[in-house]
Amino acid sequence: MFERVIIVSGPTVEPIDPVRFISNRSSGKTGFHLANEAKKREIQEIIFITGPTNYIPSDVKVIQVETAQSMRDRILNYFDKAKVIVMAAAVSDYRSAEYFSEKIKKGDDRIYLEFVKNPDIIKEIGEKKSDDQILVGFAAETSNIFENAREKFERKNLDLLVLNEISKENPVFNEDSNQVFFITKNETIKLDKMKKSAIAALIWDEIFKIYNQMKVKFK
Ligand code: CTP
């Protein structure tokens, strides 16, 4: 049914000097399960673009990247034919303003590092996408979760937002289970706590539901 889908997974890694970087705690499990679930559906080509992770699916086209900028460039290479783009990656919002070609040596008791903003990849895709492309984003929120999620859904021109509430009860990172909400144009749906693989299956069900509603719209 879909010619091509892109699943973007894992953290990004932003180098500071030859031995140091900043990154985040994303394991890449959700993206991995999304790829495995995609293989069970009617999809001709699955492109898996990922930052460094141990979770790499088999039998899909894998493109490994490190930085947010390279992630963005590779997504745009494959964007035109993609009917679905799922941004499950934890993109570093900032990178070091400077890359130090030599290792930074220990010196003062306190040092300062300047950061600059990375591209907001999903926002750029949201601006570029046409009416028959489905864009799925993720949000991890700790406060005012529904207001923030709805605002993100609108601002990034998404078709589906998978909302994680990060709390002591639901730590999310590196866990096998998670409790999420689906934010769509007209609904907010609470899912039970379940395995990430089960969530991935429900995300694909929701994507196909959105696609079928689009088909009705375009008839
Ligand atoms: N995302 C992205 N590019 C970025 C940051 C995030 O494409 N530079 C994507 C993520 O892959 C995710 C969605 O945007 O699908 C939401 O990520 P999140 O970190 O919650 O949103 P931000 O826009 O970074 O907002 P904030 O961190 O301020 O909550």
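One structure accompanies this document, and this report is about it. Each chain carries its own residue numbering, running from 1 in the written order of its sequence. In keeping with the model being predicted, local features are shown solely for residues with a pLDDT of at least 70 and side-chain atom pairs are shown and tallied solely at 80 or more, while totals for entire chains, interfaces and linings include all residues. Side-chain calculation: all heavy atoms of the structure are included, whereas hydrogens and water are not.

A few points about the sheet that holds strand S9 (residues 134-141)
Here is step 1: For two strands to be treated as a pair, DSSP must find at least two bridges joining them. Counting from the N terminus, the helices are the DSSP runs of H or I reaching at least four residues and the strands are the DSSP runs of E reaching at least two. An order of S5-S4-S1-S6-S9-S10-S12-S13 is seen for the eight strands of this open sheet, with the pairing classed as mixed. The strands lining the two open edges of the sheet, one partner per strand, are strand S5 (61-64) and strand S13 (188-190). Neighbouring strand axes in the sheet, compared pairwise and without regard to direction, differ in orientation by 15° on average.
Here is step 2: Judged from the seven bridges that link them, strand S1 (residues 2-9) and strand S4 (residues 43-50) form a sheet pairing that is parallel. Paired with Ser9 across the bridge in S4 is Thr50.
Here is step 3: The sheet contacts of helix H2 (residues 68-78) involve S1, S4, S5 and strand S6 (84-87), and relative to S1 the element is tilted by about 175°.
Here is step 4: Whether two residues touch is decided by their heavy atoms; if any such pair falls within 4.5 Å, the residues are in contact. Orientation is described by axes fitted as lines to C-alpha atoms, over the contacting stretch for helices, and by angles from 0 to 180 degrees between their N-to-C directions. Contacting S9, strand S10 (160-165), strand S12 (180-183) and S13, helix H4 (residues 145-155) crosses the sheet at an angle of about 155° to S10.

What about the packing of H2 against helix H3 (residues 121-128)?
Packed helices, taken two at a time, are described by the angle between their axes plus the distance between the axes.
Here is step 1: At a minimum axis separation of 10 Å, H2 and H3 run at an interaxial angle of 25°. With respect to H3, the element H2 is oriented roughly parallel. Here H2 runs over H3; the crossing is right-handed. Of the residues in H3, those touching H2 at Ala68, Met71, Arg72, Ile75 and Leu76 are Ile121, Glu124, Ile125 and Lys128.
Here is step 2: Counted by class, the contact of H2 with H3 contains six nonpolar, no polar and three charged residues. Orientation is classified from the angle alone, with under 35 degrees giving roughly parallel, over 145 giving roughly antiparallel, 65 to 115 giving roughly perpendicular, and any other angle giving oblique. Should the near helix be turned counterclockwise from the far one by less than a right angle, the crossing is left-handed, whereas a clockwise turn marks it as right-handed. Gly is placed with the polar residues, together with every amino acid not listed as nonpolar (Ala, Val, Leu, Ile, Met, Phe, Trp, Tyr, Cys and Pro) or charged (Asp, Glu, Lys and Arg).

As for the nonpolar core
Here is step 1: Buried residues of nine kinds, namely Ala, Val, Leu, Ile, Met, Phe, Trp, Tyr and Cys, make up a nonpolar core once their side-chain atoms join them within 4.5 Å. For each residue, the accessible area found with a 1.4 Å probe, counting protein chains only, is set against the maximum for its type, and the residue is called buried under 20%, exposed over 50%, and partly exposed in between. Membership of the largest hydrophobic core comes to 30 residues, with the highest contact counts inside it found for Phe2, Ile134, Trp204 and Ile207.
Here is step 2: For this core, the secondary-structure elements that each account for two or more residues are S1, helix H1 (29-38), S4, S6, S9, S10, S12 and helix H5 (196-218).
Here is step 3: Non-local contacts of Phe2, meaning those with residues more than four positions away in its chain, are made with Glu42, Ile43, Gln44, Lys83, Val84, Ile134, Ile207, Phe208 and Tyr211.
Here is step 4: In terms of nonpolar packing, the next biggest core, distinct from the first, is built from 27 residues, Ile125, Ala139, Ala149 and Leu158 among them.

Here we look at the site of the ligand
Here is step 1: Every one of the 14 residues lining the ligand counts as a neighbour, but Ala89, Ile122, Phe138, Lys152 and Lys156 are closest to it.
Here is step 2: Polar contact is defined as a pair of N or O atoms within 3.5 Å, subject to the rule that within protein one atom must be able to donate a hydrogen and the other to accept it, and that residues adjacent in sequence are counted only when both atoms are side-chain atoms. Between the ligand and the protein, one listed contact pairs an oxygen atom with a backbone N or O atom of Ala89 at 2.7 Å.
Here is step 3: With respect to the ligand, the backbone of Ile121 contributes an N or O atom lying 3.0 Å from a nitrogen atom.
Here is step 4: All accessible-area figures derive from a Shrake-Rupley calculation using a 1.4 Å probe, and residue coverage is judged against the displayed protein chains alone. Burial of the ligand by the protein amounts to 77% of the accessible area it has alone, namely 570 Å².
Here is step 5: Within the residue set of the shell around the ligand, elements represented by two or more residues are H3 and S9.
Here is step 6: Here the shell around the ligand gets four residues from one element, more than from any other, and that element is S9. A molecule or strand has a residue near it when one of that residue's heavy atoms lies within 4 Å.

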